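Structural characterization, general
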Amino acid sequence: MKTDQYSLLKEKLSSKAFSSIFVLVDDNTDKFCLDIFIKKTKIDEFNKITINSGEQNKNIDTCQIIWDKLNAFNADRKSLLINLGGGVLTDMGGFVASTYLRGITFINIPTTLLGMVDAAHGGKTGIDFKLLKNQIGLFSDPTEVILDSDYLSTLTKDEFLNGYAEVFKHSLLTNKKDLNFNSLIKLDFYKDVTFIIEKYSEIKKEIVELDKFESNQRKILNLGHTIGHAIESYSYISSSLNELKHGEAIIVGLITELYISHKLLGFPLKDLQNIKKTFSEYFDVISFSDKDIEQIHDLMIYDKKNEADKLNFVLLEEIGSPVIDQQITKELFIEAFKFYSKSL
Ligand SMILES: NC(=O)c1ccc[n+]([C@@H]2O[C@H](COP(=O)([O-])OP(=O)(O)OC[C@H]3O[C@@H](n4cnc5c(N)ncnc54)[C@H](O)[C@@H]3O)[C@@H](O)[C@H]2O)c1
């Protein structure tokens, strides 16, 4: 990582290029990250907008709160919004900034590992709508993303590991031998985190550069997410499952989709078992009833990434060889959950 991550931002702030500066925080990043941000940027004048944390607040009501505050503080088209938070906050802050007065400049400063390796990059902004994840949104890039692992020291262990779901995903997609899954698991997830943030966020950025608007190659980033998003949304409405974090749901999505990859494309069983075993060292196995599985299937049918009534999956032939636009049967979907639940 660059030595002074903040130099460009400090330059912009001192050049008076912006009529006003807004910093968006949630209750946790207000408490844990704002002081670090102020110390590092030496910013002395800004308006703070605080929202409630959590995926359940990634919705239009919270956007209205932010738009209201921007109005109240007389934001104009030359205002800057700095998003200081995890993936929920950068997704939503990016959406709010891009729609306010037809778009104001925004900068992402991710404060979770998941945000640093994934959510803050690539220009997908948005909110959840009626149970469907990221249903409303637009592609819009931040002018800058600052990656600073100093923010991670206050993250809970669970939230820290949550970020590894997306790191694992990137390691399964890359064909770079020194960064693929088998190389990643040799690293120390805590001591090597700065290296991991730099390298695995780069994998995402390279994929996005090939296909910004997801007409083709970028779809591979949905590995684990077709099933994972449905599980995450389902966990918010179900009385039988606890609410799952994004990363926890993606881990189940990865195992089930890799099982399907094994069945349809011959993804090696040895790798599948090794991946499942590795994940079990960091994430608890979640138990799904037959009814849960049925309902997750129903919810998935409405997934936004599907075209012409087809439910499209990204599958792997082997680590580093993704194949897009694959269809599966409901029977195989159910079988994949049985594989997930079976002890090693
Ligand atoms: N746009 C994209 O391309 C993309 C990619 C992947 C995920 N996402 C989205 O990202 C979201 C998940 O992001 P997340 O896992 O970062 O969740 P999050 O933003 O909800 O953050 C997790 C929790 O950690 C707290 N927190 C954040 N930084 C902290 C810090 N430094 N210290 C202490 N607490 C801190 C937050 O307040 C929150 O309670 C999902 O909504 C998902 O859809 C988007």
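Here the residue numbering is sequential within each chain, running from 1 through the sequence in written order. The predicted nature of this model means local features are confined to residues of pLDDT at least 70 and side-chain atom pairs, given and counted, to a pLDDT of 80 or more, with totals for whole chains, interfaces and linings taken over all residues. Note that the side-chain values use all heavy atoms of the structure and ignore hydrogens as well as water.

**Points about the packing of helix α13 (residues 290–301) against helix α14 (residues 330–341)**
α14 packs onto α13 with a crossing angle of 130° between their chain directions and a minimal axis gap of 11 Å. Comparing their axes, α14 and α13 come out oblique. Where α13 crosses over α14, the two elements pack in a sense that is right-handed. On α14, the residues that touch D290, I293, E294, I296, H297 and M300 of α13 are K330, F333, I334, F337 and K338. Any residue outside Ala, Val, Leu, Ile, Met, Phe, Trp, Tyr, Cys, Pro, Asp, Glu, Lys and Arg is labelled polar, Gly included; the first ten of those are nonpolar and the last four are charged. In terms of residue class, the contact of α13 with α14 is made up of six nonpolar, one polar and four charged. Only the contacting stretch of a helix is used when fitting its axis, a line to C-alpha atoms as for every element, and angles between N-to-C directions run 0 to 180 degrees. Each helix is a run of DSSP H or I of at least 4 residues and each strand a run of E of at least 2, with the numbering of both proceeding from the N terminus. By the definition adopted for this analysis, an angle is roughly parallel if under 35 degrees, roughly antiparallel if over 145, roughly perpendicular if from 65 to 115, and oblique otherwise. When the near helix sits turned anticlockwise from the far one by under a right angle, the crossing is termed left-handed; a clockwise turn instead gives a right-handed crossing. Residue contacts are counted whenever heavy atoms from the two residues lie within 4.5 Å of one another.

**Side note on the packing of aromatic side chains**
When two rings of Phe, Tyr or Trp (its six-membered ring) have centres within 6.5 Å they constitute a pair, described as stacked for plane angles under 30 degrees, edge-to-face for angles over 60, and tilted for the intermediate range. Counted by the stated rule, this structure contains 17 aromatic pairs. Here F168 and F181 contribute two aromatic rings whose centre-to-centre distance is 5.9 Å and whose plane-to-plane angle is 45°, an arrangement assigned as tilted. Of this pair, F168 sits in helix α7 (residues 157–173) while F181 sits in helix α8 (residues 181–184), placing them 13 residues apart in sequence. For the pair F168 and F181, one class covers both residues: buried. Taken together, a centroid distance of 4.8 Å and an interplanar angle of 25° make the contact between Y259 and F339 stacked. Here Y259, found in helix α11 (residues 246–265), pairs with F339, found in helix α14; they are 80 residues apart in sequence, far enough to count as distant. When accessible area is computed with a 1.4 Å probe and restricted to protein chains, residues below 20% of their type maximum are described as buried, those above 50% as exposed, and intermediate ones as partly exposed.

**Brief notes about unusual backbone geometry**
The backbone phi angle of R102 is positive, close to 65°, even though this residue is not glycine. If you trace the backbone, R102 turns up in the loop between α5 (87–99) and β4 (105–110). The class of R102 is exposed, set by a relative accessible area of 78%. The backbone phi angle of E214 is positive, close to 55°, even though this residue is not glycine. Relative to the helices and strands, E214 is located in the loop between α9 (193–210) and α10 (225–237).

**Examining the domain arrangement of the chain**
Where interface size is given, it is often the accessible area lost as the parts come together that is meant. For the chain, the assigned domains read domain 1 (7–154) and domain 2 (158–341). Taken together, the contact between domain 1 and domain 2 spans 21 residues of the former and 33 residues of the latter. Interface of domain 1 and domain 2: buried area, both sides summed, is about 2,300 Å²; carbon and sulfur atoms make up 66% of it. Taken as a group, L113, V117 and K133 account for 26% of the area that domain 1 buries against domain 2, more than any other trio of residues on that side. Put simply, a salt bridge is a Lys or Arg side-chain nitrogen that is within 4 Å of an Asp or Glu carboxyl oxygen. Our count for the contact surface shared by domain 1 and domain 2 stands at five salt bridges. Here the bounds of each domain stem from an automatic or database domain assignment. Take the accessible area each of two parts loses on contact, using a 1.4 Å probe, and add the two losses: that sum is the buried area.

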